[in-house]
Amino acid sequence: MFTGVNRSACLAQGLMALTMLAACCAEAAAPRVEFNRDIRPILSENCFACHGFDPKHREAGLRLDTFEGATEMRDGVRAIKPGEPESSELWLRMISKDRDEVMPPPKAHKPALSAAQLALVEQWIREGATYQRHWAFEPPLARQAPLQRAGQHAVDAFIGARLKSAGLEPSPQAKPEVLLRRLSLDLTGLPPTLAELDAFLADCRAGVDAAYLRAVERLLASPHYGERWGRWWLDQARYADSNGYSIDAPREIWKYRDWVVEALNADMPFDRFTTEQLAGDLLPGAQESQRIATGFHRNTQINQEGGIDKEQFRIDSVFDRVATTGSVWLGLSVGCAQCHDHKFDPITQREYYQFFAFLNSQDEPTLRVNDPLLDAPALEKQLKQLNAQLKAEIERRRPESERWQKQMAAGFRDKLAKPLKQALALPWAKRSPAQQVSLYTVFLNPNDPLRILADRQREVETKLKSGTTTLVLAEQKVPRQTTVFIKGDFTRPDEVVQPGTLKTLHRFVPPQGRPNRLHLAQWIMARDNPLTARVLVNRLWQVYFGRGLVETDNDFGSQGTLPSHPELLDWLALEFQKNWSLKDMHRLLVTSQTYRQDSRQSATHRQLDPNNLLLARQQRLRLEAELVRDVALRVSDQLAPKLGGPPVFPPIPEGVMGQGQVKRVWTASKGADRFRRGMYTFVYRASPPPALNVFDAPDGFSACTRRLRSNTPLQALTLLNDQAFVELAQALAGIVEREGVEQAFRRCTARRPDARERALLADLKPLEVARVLLNMDETVTRE
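Residues numbered from 1 in each chain as written. Predicted model: local features only at pLDDT ≥ 70, side-chain atom pairs only at ≥ 80, totals over all residues. Heavy atoms only, no water.

**Student:** It is not clear to me how the overall build of the chain should be interpreted in this structure. Could you clarify?
**Tutor:** Tallying secondary structure elements over the chain gives 35 helices and 10 strands in all. Contacts in the chain between residues far apart in sequence, at least 24 positions, make up 71% of those at least 6 positions apart. For the chain, the exposed surface amounts to about 36900 Å²; the carbon and sulfur share of it is 55%. Separation between the mean location of the 105 positive side-chain charges and that of the 96 negative ones in the chain comes to 4 Å. (Helix = DSSP H or I, 4+ residues; strand = E, 2+ residues; numbered from the N terminus. Contact = heavy atoms within 4.5 Å. Areas by Shrake-Rupley, 256 points an atom, 1.4 Å probe, with all protein chains shown as cover. Lys, Arg positive; Asp, Glu negative; His and termini not counted. Charge placed at Lys NZ, Arg CZ, Asp CG, Glu CD.)

What follows is the structure, given as structure tokens:
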């Protein structure tokens, strides 16, 4: 029998047990809040990450995206006091009703935080405000693909798991003709010919999968693969054929473009591909091709205006090289730390100028590149010998020459060309070998040994000078001093810095002596770099599916979007690092069923995943500008398949070249050069060809890692009326006459027209049919 006291004690114990149980249940029902997943987006989207509570806090460097910054005592308050939201200034500002206190402030024009967001922040602070490093700065984790059946493709396993959790099913495989056209355009930038299409369809009768895999290997081995993916890389290299700025003079750098195509066709491992472009000249025994590769960072603009400060524009080029290196290989907006510490990512201004120091000690020479069939070293040796022989022969015959000059009649002397008169006026010792030879040729017969020797010397010299030139980098023997620039102003140097990398990423082990670009390239391609492999496979994915797994492909920092499939991204990154083979990655992606899906959108897709983030279907994509031209060239049988060489000049509208400060001449190419692929078209930065511009080709002023796709009436008008497309329509009209409407339609779309389409085209003349076919959405779209 219980006494009153015992009964009260038991009741108290029971209530305590129930409270604890309820707390445990609540904890089980409400998982712990994660900073990266739940809190960082709230801070970033509402400008908390970089801003303090007032200007003096911002000037003092208050940051809420680090534990140290958020918990530091400032002016008697802490932004966050772990475990105590009611003592945390951040929380108090979030829930304040005072317009002068509330965060985000009304003047920021940000929506008020929702009740759910406030609850997350409160719970996170109460749980101890545990911070995590930004996901992209952590190394990729080795993942096991969530295979649902034996033999399933790993990419499909990752995508399928997300689809299943969202209540979606993958779309069926596209039709064989759609598959081949999609694959051909994605791997080579060209549609299949009718012969290739018919052969593939015949091969599919024995099994679509086997036929498809054979098509993949054939297209990866095509020399046109390097052209299609070379253009992808040239966007990032900000390649163009002129110097930019107002004068925008033409330049020769197409040898770099050809190097990219050749390297990709050879499947050069991406670590070597990177190293040769960033520091090919610093490799032991650097070859000519490796020096050409350094043209990557010579694609910057050159200002040729009079009265400029050349050092200012040299510094601007280095700024561009730093920003480009950061966005292309690291997927970070490193350039945002040029004037001050990065507002969102842990990159200090000092680190920016340490990175800058790697790219601040180069000369910018022009390299003469000879024909590969020419043995330049042997010719240089021969020229040296000929010069020595010629000098000796001239000296041996000096008495003869002096005697002839003394006997020269005044009338004869007056008839000599001006250069010869100038040579005669000089004392013997001050005449150049060329002047001596020119004087000898006046009185020597063609078979004279000295004249034969001089002709041979001139022939060898001409051969050596006959090659083209290209822009390259070369390391200076004595490096420039690099300083921090106050507010990014090169006229306000501050602290001297040495080359260094970003501390928030993997460790940089300095070499003995001063680090250079080769060490930077090695740091970028180190296997413990958490970014480069992720960034590159994300860009490949972006081409194939229209959107990267991280949509902000050039910003993997805290302001970028979170990956839609983080486990898949890490898995692909680690696969890429195994051998750095781009062709292996292409093969991996295009052989997945995710890639091979039909692109049609169902009602279920529209309802559950209207933007196709989960990839329950493929994505229809308008072709890139150069590919729009390439398709028209191929289907009209006009394509000149030659690879490489100087840029060409297809027809463009009159008046285009008068748009810049300097009116340039554009003489349309004749013969096969008139019908080269779009990537070989000469591009002036200030006045690019309109047919490329209207289809969203990049301008070449800065690195372009993702092309935008617009849809405007000008595109249709270009396909109808631009002279280059009119010529191709005329050629296609001849095919309509010879082969019929159905075959011309198949050339453009890879499928046969249906009854309605045949009826519409039947009433048109051949040229009208051709213009319609080239202007169809389906012709300029990858299904």
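Picking up after the structure, the text goes on.
**Student:** When you look at the packing of aromatic side chains in this model, what are you seeing that I'm missing?
**Tutor:** In this description, an aromatic ring pair is defined by two values, namely the gap between the centres and the angle between the planes. Across all of its chains, the model carries 37 aromatic pairs by this definition. With a centroid separation of 6.0 Å and 80° between ring planes, the pair formed by F67 and Y131 is classed as edge-to-face. Of this pair, F67 sits in helix 4 (residues 67–71) while Y131 sits in the loop between helix 6 (115–126) and helix 7 (154–165), and the two are 64 residues apart along the sequence. On the accessibility criterion, Y131 (16% relative accessible area) is buried. Here Y352 and Y353 contribute two aromatic rings whose centre-to-centre distance is 4.8 Å and whose plane-to-plane angle is 80°, an arrangement assigned as edge-to-face. As far as burial versus exposure is concerned, Y352 and Y353 are alike and both buried. One Lys or Arg, R228, reaches over the ring of W229 and ends 4.9 Å from the middle of that ring. Above the ring of Y680, the side-chain terminus of R676 is found at 4.2 Å from the ring centroid. (Phe/Tyr/Trp six-rings, centres within 6.5 Å; stacked < 30°, edge-to-face > 60°. Buried < 20%, exposed > 50% of the residue type's maximum accessible area, 1.4 Å probe, protein only. Lys NZ or Arg CZ within 6 Å of the ring centre and 35° of its normal.)

**Student:** Can you help me understand the pattern of salt bridges in this one?
**Tutor:** Opposite charge on two side chains permits pairing when their charged atoms draw close. Under the criterion given, the structure shown has 59 salt bridges. Between R74 and E72 there is a salt bridge; the shortest N-O distance is 3.4 Å. Using a relative accessible area of 16% as the deciding quantity, one classes R74 as buried. The salt bridge involving D777 is made with R620; its shortest N-O contact spans 2.7 Å. Of this pair, D777 sits in the loop between helix 35 (766–774) and strand 10 (781–782) while R620 is found in the loop between helix 28 (603–608) and strand 9 (621–622), placing the two residues 157 residues apart along the sequence. (Salt bridge = Lys/Arg side-chain N within 4 Å of Asp/Glu carboxyl O.)

**Student:** Sorry if this is basic, but what is going on with the side chain of S222 here?
**Tutor:** Its place among the elements puts S222 in the loop between helix 10 (208–220) and helix 11 (223–236). A distance of 3.0 Å separates the side chain of S222 from the backbone nitrogen of H224, its partner in a polar contact. (Polar contact = N/O pair within 3.5 Å; in protein donor to acceptor, adjacent residues only side chain to side chain.)

**Student:** Got a minute to help me understand helix 15 (residues 310–330) in this structure?
**Tutor:** Because an α-helix packs 3.6 residues into every turn, residues spaced three or four apart end up facing the same way. Across its 21 residues, helix 15 extends 30 Å between first and last C-alpha, which sits within 8% of the 30 Å expected from 1.5 Å per residue. Burial within helix 15 is extensive, with 16 of its 21 residues counted as buried. Measuring from the backbone nitrogen of E311 back to the side-chain oxygen at the start of helix 15 gives 3.0 Å, which picks out D309 as the cap. (Expected span 1.5 Å × (residues − 1).)

**Student:** Looking at this structure, I do not really get the environment of Q312. What am I missing?
**Tutor:** When you line up the elements, Q312 lands in helix 15. Spatially, the C-alpha atom of Q312 lies 32 Å from that of P284, the residues being 28 residues apart in sequence.

**Student:** Explain helix 17 (residues 376–396) to me, please; I cannot follow it from the model alone.
**Tutor:** Between its first and last C-alpha, helix 17 extends 30 Å over 21 residues, near the 30 Å set by a 1.5 Å rise per residue. Burial in helix 17 covers these residues: A376, L379, L383, L386, L390, E393 and I394. One face of helix 17 carries all of its buried residues, which in axial projection span an arc of 100°. Those residues of helix 17 that are exposed and angled more than 90 degrees off the buried face are P377, K381, K384, K391 and R396. (Arc of directions from axis to C-beta.)

**Student:** Would you mind showing me how to read the nonpolar core here?
**Tutor:** The nonpolar side chains of a soluble globular protein tend to be buried with one another. With 113 residues, the main nonpolar core has W233, Y256, F270, W541 and L572 as its most contacted residues. With 9 residues, helix 24 (residues 532–545) is the largest single contributor of residues to this core. With 37 residues, the next largest nonpolar core counts F675, A729, A770 and M776 among its residues. (Core = buried A, V, L, I, M, F, W, Y, C linked by side-chain atoms within 4.5 Å.)

**Student:** Honestly, unusual backbone geometry in this entry has me stumped. Any pointers?
**Tutor:** The general pattern is negative phi for most residues beyond glycine and trans for most peptide bonds. In this chain, M103 is followed by P104 through a cis amide linkage whose omega measures -5°. With respect to the helices and strands, the residue P104 is situated in the loop between helix 5 (89–95) and helix 6. The backbone of N612 shows a phi angle near 60°, a positive value even though the residue is not glycine. Note on placement: N612 falls in the loop between helix 28 and strand 9.

**Student:** For this particular structure, what's the right way to read the side chain of D241?
**Tutor:** By secondary structure assignment, the location of D241 is in the loop between helix 11 and helix 12 (254–265). At 5.1 Å, R257 is the nearest oppositely charged side chain to D241, a buried residue that forms no salt bridge. Ignoring any residue separated from it by four or fewer positions in sequence, one finds D241 in contact with P250, R251, P647, T681, F682 and V683.

**Student:** What exactly am I supposed to notice about the pairing of strand 5 (residues 468–471) here?
**Tutor:** Sheet faces and side chains relate simply in a regular strand, where the side chains alternate between the two faces. Burial along strand 5 is two-sided: the face carrying T468 and T470 and the face carrying T469 and L471 are both buried. Bridge count between strand 4 (residues 366–369) and strand 5: 4 bridges; the pairing is antiparallel. Considered in strand 5, the bridge of L367 is made with T470. (Pairing = 2+ DSSP bridges.)

**Student:** I'm lost on the state of the cysteines in this one. Help?
**Tutor:** Here a disulfide denotes a covalent bond joining the sulfur atom of one cysteine to the sulfur atom of another. Summed over all chains, the structure comprises 0 disulfides. Free cysteine: C336, not disulfide-bonded; nearest cysteine sulfur from C339 at 9.5 Å. On the basis of relative accessibility, which here comes to 40%, the residue C336 falls in the partly exposed class. (Disulfide = S-S within 2.5 Å.)

By themselves these figures say nothing about function.
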